[in-house]
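These are the residues of each chain, in order.
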Amino acid sequence: MSIFISFEGGEGVGKTTQAKFLSKSLTNINEENIITREPGGTELAEKLRKLILNNKTNINNLEEILLLMAARSNHINNVILPNLNKGKIVISDRFADSTFVYQGFVNKFGIPKIKKLHDQLLNRFYPNYTFLFKLTTNEIISRLKNRKNKNKYDKLDIKFHLSVIKGYKKISNSKRFININASLSKLDKDKIILKKLGF
């Protein structure tokens, strides 16, 4: 079954852990799948990821957006589409919606401007389903305190995390979005996701 799924949400909501859990569940029912991530997923995109998420990299918001678009184009053409064409389920830890929220809304480039760029450069390529993991800011801050390898976003204050939540609220009104309570157990979240996917 060929389905493209993205997991979205703020920092520390458990997207990566849940993606692995879903992959295992799908494998157990003989559904071929792969996990990938953004920015990243290919050798080139992973190099760009390091530039984007490094605290010491002196790049402005526009440059960051263009790097993300380049990484995403490479990711789509070399990982996502080839695997979808093989009939696999592709699970991506973040995709275009993260750019709309972080660079478009939080960093004030403008969500419509980034969506227009995405649609023009990447042929309106979107996931079939986007699972949006939600936590309160207090829960997010609590989880991030225990995170070992922090990126530049993990180190920001509560105002930033509130802005991310607000950004996701603004963009998550299309039918492909499914809200997930990130405070539920991994098993409960997995059951909800599998049901939405028709398993």
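The structure this text deals with has already been given above.
Residues numbered from 1 in each chain as written. Predicted model: local features only at pLDDT ≥ 70, side-chain atom pairs only at ≥ 80, totals over all residues. Heavy atoms only, no water.

A. View of the overall build of the chain. Per the secondary structure count, the chain includes eight helices and five strands. Going from the N terminus to the C terminus, the chain shows its helices and strands as β-α-β-α-α-β-α-α-β-α-α-β-α. Relative to the globule expectation of 16 Å for 199 residues, the C-alpha radius of gyration of the chain, 16 Å, shows essentially globular dimensions. In the chain, which comprises 199 residues, the proportion classed as buried is 51%. Accessible surface for the chain amounts to roughly 10500 Å². Of this, 51% is attributable to carbon and sulfur atoms. (Helix = DSSP H or I, 4+ residues; strand = E, 2+ residues; numbered from the N terminus. Rg over C-alpha atoms; globule rule 2.2 N^0.38 Å. Buried < 20%, exposed > 50% of the residue type's maximum accessible area, 1.4 Å probe, protein only. Areas by Shrake-Rupley, 256 points an atom, 1.4 Å probe, with all protein chains shown as cover.)

B. Summary view of the environment of H161. Within the fold, H161 resides in helix 7 (residues 158-171). Judged by its relative accessible area of 2%, H161 falls in the buried class. Taking the C-alpha atoms as reference points, H161 and I65, separated by 96 residues in sequence, lie 20 Å from one another.

C. Structural context of the sheet that holds strand 4 (residues 129-134). Read from one edge of the open sheet, five strands run 2-3-1-4-5, paired in parallel fashion. Two strands lie at the open edges of the sheet, namely strand 2 (33-37) and strand 5 (177-181), each paired on one side alone. The average angle at which neighbouring strand axes cross in this sheet is 20 degrees, direction not considered. Inspection of the sheet shows strand 4 paired to strand 5 by five bridges, in the parallel sense. Bridge pairing in strand 5 links F131 to I178. (Pairing = 2+ DSSP bridges. Axes fitted to C-alpha atoms, helices over the stretch in contact; angles between N-to-C directions.)

D. Here's a closer look at helix 4 (residues 96-106). Taken across its eleven residues, helix 4 has ten buried, putting it largely inside the fold. On the buried face of helix 4, the contacting elements are strand 1 (3-9), helix 3 (61-85), helix 5 (111-121), strand 4, helix 7 and strand 5. (Contact = heavy atoms within 4.5 Å.)

E. Representation of the pattern of salt bridges in the model. As enumerated under the stated definition, the model contains seven salt bridges in all. D97 serves as the salt-bridge partner of R176, at 2.8 Å between the closest nitrogen and oxygen. Here D97 lies in helix 4 and R176 lies in the loop between helix 7 and strand 5, a separation of 79 residues in the sequence. The two residues R176 and D97 agree in class, both being buried. Through salt bridges that share partners, E8, E11 and R94 make up one connected network. (Salt bridge = Lys/Arg side-chain N within 4 Å of Asp/Glu carboxyl O.)

Coordinates in, geometry out; function isn't part of it.
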